[in-house]
Amino acid sequence: MYLAEERRALCEIGRRMVETGLVSGASGNISVRRGDHVVVTPGGWMLDRMTPEACPVVDVTGHLVEGDEKPSSETPMHLAIYEVTGASAIVHTHSTYGTVVATTMSELPPIHYNTLLLGGVVKVAEYATYGTPELAANVRAAMEGGKRAALMANHGGVTIGGDLEEAYENAKLLEWLCGVYVRAKSIGEPRILTEEDLLKVVERGLTPVEWPPA
């Protein structure tokens, strides 16, 4: 089986996404790139019930290389993101707080310095029907400039990483940041960090590896 290790890893991350509530049912999708080939989740499958054999492999133009199942309908979005980033993996979720922010905001402001781990302010890509070239183009634009995450209007969120584990951790971080913002809005107007605040964090060389902070 071609790219067997990557296909197995996709199934493991899929199970963890369901267990942690980042997705439910068959919502969301994942991919990992190796050279000119991309392993992606099969369309319509529950992410915690996937098998390695069911995960199709496509090339960077979207043509099927191996597999009997149809690739996720969001494959064009994944391929568009790979074009503008140095990512090796992508995680797309329909997480609760991420979707709330994506439905009400034009961006997720820097409510916490860990926003820097995602490239700063997280943009909300303009709405377009799922699986369409329009959505792929909108998300691609939102990811430009070194961003490691984007939200998708009335839809969900997407994160990238150097591997599947990192992309998954970034998805968890995005949901945590959105959750903090939504909860803060419920009791008052959140304080937003300024560019100067964030610059001071960068200057200190801090790279938080655990979140939420103690």
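As recorded by an unreviewed UniProt entry, the protein carries the name Class II aldolase/adducin family protein and is attributed to Actinomadura barringtoniae.

Asks: Which residues make up the sheet that holds strand E7 (residues 122-125), and what values go with them?
Replies: Strand order in this open sheet of 9 strands is E4-E3-E2-E1-E5-E9-E8-E7-E6, and the pairing throughout is mixed. Every other strand in the sheet has two partners, leaving strand E4 (64-66) and strand E6 (107-108) as the edge strands with one partner each. As paired elements, strand E1 (residues 29-34) and strand E2 (residues 37-40) share 4 bridges and run antiparallel to each other. If you follow arginine 34 over to E2, its bridge partner there is histidine 37. Here helix H4 (residues 133-143) sits on the sheet in contact with E7, strand E8 (149-152) and strand E9 (156-161), set at roughly 140° to E8. Across the sheet, helix H5 (residues 164-187) lies against E1, strand E5 (89-93), E6, E7, E8 and E9, angled at about 140° from E9, the strand it touches most.

Asks: So what about the environment of proline 110? Which residues, and what values?
Replies: With respect to the element layout, proline 110 can be found in the loop between E6 and E7. Taking C-alpha positions, proline 110 is 25 Å from methionine 77, a pair spaced 33 residues apart along the chain. Not counting the four nearest positions on each side in its chain, proline 110 is found in contact with Thr115, Val121, Ile192, Leu193 and Leu198.

Asks: Got a sec to walk through helix H3 (residues 96-104)? Specific residues and values, please.
Replies: When H3 is considered as a whole, its buried residues turn out to be Gly98, Thr99, Val101 and Ala102. Viewed along the axis of H3, the buried residues span an arc of 160°, placing them on a single side of the element. Counted as exposed and oriented over 90 degrees from the buried face of H3: Thr96 and Thr104. Buried residues along H3 sit in contact with E6, E7, E8, E9 and H5.

Reading guide: rules and limits
- Residues numbered from 1 in each chain as written.
- Predicted model: local features only at pLDDT ≥ 70, side-chain atom pairs only at ≥ 80, totals over all residues.
- Heavy atoms only, no water.
- Pairing = 2+ DSSP bridges.
- Helix = DSSP H or I, 4+ residues; strand = E, 2+ residues; numbered from the N terminus.
- Contact = heavy atoms within 4.5 Å.
- Axes fitted to C-alpha atoms, helices over the stretch in contact; angles between N-to-C directions.
- Buried < 20%, exposed > 50% of the residue type's maximum accessible area, 1.4 Å probe, protein only.
- Arc of directions from axis to C-beta.

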